[in-house]
Amino acid sequence: MRDNHPPPPTSDDDHRSSSLPDLARGGQITDSSSSKTRPGPGSSSSSLPQPGSGSELQAQFPDQVLENVLENVLHFLSSRRDRNAASLVCRSWCRAEALTRSELFIGNCYAVSPRRATARFSRVRSVTVKGKPRFADFDLMPDDWGAHFAPWATALAQAYPWLEKIHLKRMSVTDEDLAVVADSFSGFRELVLVCCEGFGTRGLAAVTSKCRLLRVLEVVESLVEPVSEDEVDWVSCFPETQTHLESLVFDCVEYPVNFEALEGLVARSPGLKKLRLNRFVSMPQLYRLMLRAPQLTHLGTGSFSDSEALEQEPDYASAFAACRSLVCLSGFREIWANYLPAILPVCANLTSLNLSYADVNADQLRSVICHCRKLQILWALDSIGDEGLQAVATTCHDLRELRVFPVDAREESEGPVSEVGFEAISKGCRKLESILFFCQRMTNAAVVAMSKNCPDLLVFRLCIIGRYRPDAVTQEPMDEGFGAIVMNCRKLTRLAVSGLLTDRAFEYIGRYGKLVRTLSVAFNGDTDLALKYVLEGCPNMQKLEIRDCPFGDAALRSGLHHYYNMRFLWMSNCKLTRQACQDVARALPHLVVEVINKEDEAAVDDIELLYMYRSLDGPRDDAPQVVTILH
Amino acid sequence: MQGSDENMVLSSEDSSSPDETECHLQLGLSLSLSPYATSSLSSRSWTSSHSHSVLTNNAPTSQVVGWPPLRAYRMNSYNSHAKSQVTEVFNSMVENSKANIAVVRKSSDNGSVDNSIIGKENRNPRTRSSLFVKVKMDGVPIGRKVDLSAHSSYETLAQSLEDMFNEPNTVLTCKVGLNGVNHGIIAGADRHSKLFDGSSNSVLTYEDKEGDWMLVGDVPWWMFISSVRRLRIMRTSEANGLDWKNRTAD
């Protein structure tokens, strides 16, 4: 096994090189040019080079010039993949890049410590941190597993008082953490929380009241929990004067907001472009807000219903007609279908429509979708049926992303969408790049058809709800369908499989899925060979999440050459033994190998969950008791 | 999607008197239920033809943990519309009664009794359709979440928890005694049999707003809903402080 060190902490999915010296240590080398005057953050002017210590003057001067030139050039580099590459050229490039990186992306909060990250990058203005792996969303991890934002909040507050943006995904964030954010960054502009939990309205209020320059506040699919009986009216906490708000998203907040305060806020936010309301905002209230904000481009419509039918209903369609810039619609949380025609005036310009909380049938959908010629993104419920999918295929020839969610998620159900609608989509929407499709029945033929009709697919996620379900017509495994996808969709980077699959499907993935970075496997495969094919065949694999598959120790060992190149490996309820996990931990010291036993009483050899990831800073110290970190 | 009661295959034979004493609902969990709960249970009983019934739970999720891969948030939202319509009916009925607390019972057509009891306070009503609380079972490392607003009685809740912590292939252990008579005993599970062997060595408890751990079933359902913070399926041996053994439902 190659003795390679993990790449520097901020390498992302795209980073391809594997056998590189550990330049993360570069962060600990003192900056020999620190005696020079440096430009402040965000400034693009170059400084005059100052002499260093005498004996090094001759050697340093040309380097300093080069470094200054480099810094100015590097300011233009925004892609983190490019920056990672630049940082690996030599030490001085590494330093220069570190000083000019303004966006810090941490794909796994435990892969690097806050201290190390802030020590290397001193001029950061925007931070993204991701915590738990995706399968944690499905109750497969203990609640108190970790991904606490608190240590990051503290470190960021110390290192970057000028910080403007924080994006968090699947992190555990408390009200106290939000208070730290609100108190520490006077120029704070943007807070985005996706799939986070642990905070409530009190935390939101801290942000809205203290961050006077706030432009973006987005709480997406997050659990906003009650701290005490009293909720805080966070909307009223915005400053009384005109705000800088451009985006306000709170559609997942499960508490009513103070509508008068909201209306006043919208009225004094002339820059507001994105507004996504929660389901406690009724149709008449939506109407009033839309009249105040005709400049909106993205609108989440709240409940899209009313608690009672009014005597005189406002002309909802006219409110939509007044919003000439609207391109993205979502919400419809408790839709009264007879209100749906109100959106007709904006359909022609819509590029994104999210009806995934709206139980509408094919006819209702058709009535609006037939006007949506420019639609690129559609999320819907399977209540639209195969007929509804056909209607989409007929009109939306520019569609890039489709997601179809099930109304009834039980395995025994007969579903309203099938291979018929699926194939229709493939024929009508040739530019499709991303699909997530839940169904109760599917055929290889339809999947093969999509692989040929939609060669631009980057993301293919098919979820046949009935586990181990074969091709509905031939009763064969679904191997050929998924095989065709990896064979024909040459750009594919993300794949989720389902249905009855043998090792053959994985042989295809290993042979053809050379660009696949994320793979989700559940209740599939026959033997260790399946996982071996993938680990040996897919050099770009970054995130591998596997549950309830008969893969065991031999399969685990077959990936030792690759684990340092991955963000993580998740295997739950497979056939792993503790010993094998221990062996991996010993073989790869920079890997953090977390296991949870099936029964938490005895140290039983059966592993319920293996979650392992590379880290520059060793095992974490905040793991709950049920988690054992092997070494 | 509404009302797990409707899917319960039960006859609504009213066989007991109003002051029915103890009813042990032992679905592997021992729930000593209070008079508030038993007065509705008294209208159901097991018949011999149901002695091997597997109660189907009309919960939105299948019995396999985390499958299909939909976030609880999304699953819950599909329910909220149906529930909120029901809630609004109740709320308007309650408003009409001009009382702080109203007891509402509604019998649906198929004979099952909807025993949701709504408490309404004087200040602005807060309709909150989802009420996910965490559930932890002793000995099981990974906890779950259950949506309490999808239930209207302790029965359905206990059923749901039984499903959650059992293997999908397991036949439920179910023993319901009314008037002290057992109506049906079913073969137990092969896994977790030491937990669900019918000898009820587990007890369902909850933590309330004040942080105290209480036995589930002591208070009316609506009161439980408004004060529960999380659930724990506790080993009987650890539940001594809750004084459940000595409870009778007088």
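About the criteria used
- Residues numbered from 1 in each chain as written.
- Chains lettered and ligands numbered in written order.
- Predicted model: local features only at pLDDT ≥ 70, side-chain atom pairs only at ≥ 80, totals over all residues.
- Heavy atoms only, no water.
- UniProt positions renumbered as here; feature names shortened; annotations may be inferred.
- Phe/Tyr/Trp six-rings, centres within 6.5 Å; stacked < 30°, edge-to-face > 60°.
- Helix = DSSP H or I, 4+ residues; strand = E, 2+ residues; numbered from the N terminus.
- Buried < 20%, exposed > 50% of the residue type's maximum accessible area, 1.4 Å probe, protein only.
- Lys NZ or Arg CZ within 6 Å of the ring centre and 35° of its normal.
- Pairing = 2+ DSSP bridges.
- Right-handed = clockwise from strand over helix to strand, strands pointing away.

Going by what an unreviewed UniProt entry lists, chain B is known as Auxin-induced protein and is assigned to Lotus japonicus. As its UniProt record puts it under Sequence similarities (unreviewed entry), chain B is described as follows: "Belongs to the Aux/IAA family."

Novice: For this particular structure, what's the right way to read the packing of aromatic side chains?
Specialist: Working definition: an aromatic ring pair is given by the centre-to-centre distance plus the angle between the planes. Taken as a whole and assessed by the stated rule, the structure comprises 29 aromatic pairs over all chains. Plain terms: the ring middles of tyrosine 154 of chain B and phenylalanine 224 of chain B are 5.3 Å apart, the flat faces sit at 50° to each other, and that makes the pair tilted. Placement of the pair is tyrosine 154 of chain B in helix 3 (residues 154-164) and phenylalanine 224 of chain B in helix 4 (residues 221-227), with a sequence separation of 70 residues. The exposure class assigned to tyrosine 154 of chain B is buried, which follows from its relative accessible area of 4%. With relative accessibility at 0%, the residue phenylalanine 224 of chain B sits in the buried group. Members of the aromatic cluster, each reached through a chain of ring pairs, are Tyr110, Phe135, Phe138, Trp145, Phe568, Trp570, Tyr611 and Tyr613 of chain A. Over the ring of phenylalanine 405 of chain A we find arginine 74 of chain B; its NZ or CZ atom is 3.7 Å from the centre of that ring.

Novice: Please explain the pairing of strand 16 (residues 459-464) of chain A as it appears in this structure.
Specialist: Regular strands place their side chains on alternate faces of the sheet. Residue and element names in this part refer to chain A. Summarising burial for strand 16: six of the six residues are buried, a large majority. Where burial is concerned, the two faces of strand 16 agree: the one with Val459, Arg461 and Cys463 and the one with Phe460, Leu462 and Ile464 are both buried. Summarising the sheet, strand 15 (residues 434-439) and strand 16 pair through six bridges and their orientation is parallel. If you follow leucine 436 over to strand 16, its bridge partner there is arginine 461. At this point the chain moves from strand 15, through helix 15 (residues 444-453), to the parallel strand 16, and the crossover so formed is right-handed. As defined by bridge partners, strand 16 adjoins strand 17 (residues 494-496) across three bridges and the pair is classed as parallel. Bridging across to strand 17, arginine 461 finds its partner in alanine 496. Handedness of the crossover joining strand 16 and strand 17 through helix 16 (residues 479-488) is recorded here as right-handed.

Novice: Please explain the pairing of strand 11 (residues 228-235) of chain B as it appears in this structure.
Specialist: All names here are of chain B. With four bridges joining them, strand 5 (residues 132-137) and strand 11 adopt parallel strand pairing. Looking across to strand 11, one finds that lysine 134 is bridged to arginine 230. Pairing geometry for strand 9 (residues 202-208) and strand 11, over seven bridges, is antiparallel. Looking at strand 11, one finds that tyrosine 206 is bridged to leucine 231.

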